[in-house]
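Next come the chains, spelled out residue by residue.
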Amino acid sequence: MRGRVRFGWVRSQVERLLYNLMLSTLLDMQREIDAPTAARIQEMGEEAKRREEAERKAQKAARKAAKKRR
């Protein structure tokens, strides 16, 4: 972004304002792009958790069945 400030006494305030606007715009754009990805990552984490839970239950049942056979 380019701009020219006519008065020096207001230059730093205007530059700070433009910089903050640019950063907030870039962050908003990044959030919009990352939102679907973040949701997918969360879904994958929940799915892995469910799989681990199912494996733990299967192992527990197998140990219990092995004890009964003895």
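Refer to the structure above for everything that follows.
What counts and what doesn't
Residues numbered from 1 in each chain as written. Predicted model: local features only at pLDDT ≥ 70, side-chain atom pairs only at ≥ 80, totals over all residues. Heavy atoms only, no water. Helix = DSSP H or I, 4+ residues; strand = E, 2+ residues; numbered from the N terminus. Rg over C-alpha atoms; globule rule 2.2 N^0.38 Å. Buried < 20%, exposed > 50% of the residue type's maximum accessible area, 1.4 Å probe, protein only. Areas by Shrake-Rupley, 256 points an atom, 1.4 Å probe, with all protein chains shown as cover. Phe/Tyr/Trp six-rings, centres within 6.5 Å; stacked < 30°, edge-to-face > 60°. Patch = residues over 30% accessible without salt bridge, like charges linked within 9 Å, V, L, I, M, F, W, Y side chains within 5 Å. Salt bridge = Lys/Arg side-chain N within 4 Å of Asp/Glu carboxyl O. Lys, Arg positive; Asp, Glu negative; His and termini not counted. Charge placed at Lys NZ, Arg CZ, Asp CG, Glu CD.

Attention now moves to the overall build of the chain. Per the secondary structure count, the chain includes 1 helix and 0 strands. Rg of the C-alpha trace for the chain: 28 Å, well past the compact-globule value of 11 Å for 70 residues, more than 25% over. The C-alpha extent of the chain, read off along each of the three principal axes, is 90 × 20 × 10 Å. Taken over 70 residues, the chain has a buried fraction of 1%. Total accessible area computed for the chain in this model is approximately 7200 Å², and 56% of it derives from carbon and sulfur atoms.

Considering all chains together, one arrives at 1 aromatic pair under this definition. Taken together, a centroid distance of 6.3 Å and an interplanar angle of 35° make the contact between F7 and W9 tilted. F7 gets classed as partly exposed once you look at its relative accessible area, which sits at 47%.

A few words on a positive patch on the surface. A cluster of basic residues, K60, R63, K64, K67, K68 and R70, forms a positive patch on the protein surface. Mapped onto the elements, K67 comes out in helix α1 (residues 11-69).

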